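Tertiary structure, described
Letter by letter, the chains look like this.
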Amino acid sequence: MNIWEFDTTTGAGSEVVTIVYEYEQDQDSTFNESIREVWFEGRNVIGLFSDEQFKELDIEASMRFQNHKLNYKLEDV
C-alpha cells in the first residue's frame, strides 16, 4: 500500500485539513484508491464528516491524485 498526502480546505470555516490518500500500484496503473485519514490539528477526524462532505472530499482527492499522477512519476515503494 502506498500513500500520498495533500492539504485542502473543508467546512463552513474553510479549515485546512491534510488528506492521507492510499493506493496500490502495479506496472501499469494504480488501483484501490481511497481516503485513508483526514487530519486536523493533529487528530484524525475522518469520522466527523457527513456522507455528503466525505463524498466531496473523495471526489477532490481523486481528481488531485489523477493530476499528481500526470505531473509526477509514481515510484514503487
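Up top is the structure these notes are about.
Attention in this report is confined to the structure presented alongside it.

Looking only at helices and strands, one finds one helix and four strands in the chain. Along the longest, intermediate and shortest principal axes, the C-alpha atoms of the chain span 40 × 20 × 20 Å. Split into buried and exposed, the 77 residues of the chain put 27% on the buried side. A fraction of 31% describes how many contacts in the chain between residues 6 or more apart in sequence connect residues 24 or more apart. Working note: accessible area of the chain is about 5,500 Å², and carbon and sulfur atoms make up 46% of it. Side chains of the chain carry 6 positive and 17 negative charges; the gap between the two charge centres is 1 Å.

So, on to the packing of aromatic side chains. This structure, assessed with the given rule, holds four aromatic pairs. Taking 4.7 Å as the distance between ring centres and 45 degrees as the angle between the ring planes, the aromatic pair formed by Tyr-23 and Phe-65 counts as tilted. Here Phe-65 lies in helix H1 (residues 51-71) and Tyr-23 lies in strand S2 (residues 15-25), a separation of 42 residues in the sequence. By relative accessible area, Tyr-23 is classed as buried at 5%. You can call Phe-65 buried: its relative accessible area is 0%.

Turning to the nonpolar core, a few remarks are in order. Core analysis: the biggest nonpolar cluster contains 13 residues, and Trp-4, Ile-19, Tyr-21, Ile-35, Val-38, Leu-57 and Ala-61 have the highest contact counts within it. Residue assignment for this core shows that the elements contributing at least two residues are strand S1 (2-10), S2, strand S3 (30-40) and H1. The element contributing the most residues to this core is S2, with four residues. Once you skip the residues sitting within four places of it in the chain, Leu-57 turns out to touch Thr-8, Thr-10, Ile-19, Ile-35, Val-38 and Phe-49.

In this structure, S1 lies alongside S2, joined through nine bridges in antiparallel fashion. In the sheet register, Ile-3 faces S2, and the bridge partner there is Glu-22. The turn linking S1 back onto S2 is made up of four residues, and Gly-11 within it adopts a positive phi angle of 80 degrees. Relative to S3, S2 is paired through seven bridges, and the arrangement is antiparallel. Bridging across to S3, Thr-18 finds its partner in Trp-39. The turn linking S2 back onto S3 is made up of four residues.

About the thresholds
- Each chain has its residues counted from 1, following the order in which its sequence is written.
- Local features in a predicted model are, by the rule used here, given only for residues with pLDDT of at least 70; side-chain atom pairs are given and counted only at 80 or more, and totals for whole chains, interfaces and linings are based on all residues.
- Processing note: side-chain calculations cover all non-hydrogen atoms of the structure and skip hydrogens and water entirely.
- We count a stretch as a helix when DSSP gives it H or I for four or more residues in a row; a strand needs E for two or more, and each element gets its number in order from the N terminus.
- Here the term buried applies to any residue with accessible area under 20% of the maximum for its type, exposed to any over 50%, and partly exposed to those in between, with areas from a 1.4 Å probe on protein chains only.
- What makes two residues a contact is simply this: any of their non-hydrogen atoms within 4.5 Å.
- Computed with a 1.4 Å probe, the accessible areas rest on the Shrake-Rupley method; for each residue, only the protein chains presented here act as cover.
- The charge count treats Lys and Arg as positive and Asp and Glu as negative. His and the chain ends do not count.
- One atom stands in for each charge, and that atom is NZ of Lys, CZ of Arg, CG of Asp or CD of Glu.
- Here a pair means two rings of Phe, Tyr or Trp (six-membered ring of Trp) with centres within 6.5 Å. Their orientation is stacked below 30 degrees between planes, edge-to-face above 60, and tilted elsewhere.
- For this analysis, a nonpolar core means a set of buried residues of the types Ala, Val, Leu, Ile, Met, Phe, Trp, Tyr and Cys, connected via side-chain atoms within 4.5 Å.
- Strand pairing is assigned whenever DSSP detects at least two bridges linking the two strands.

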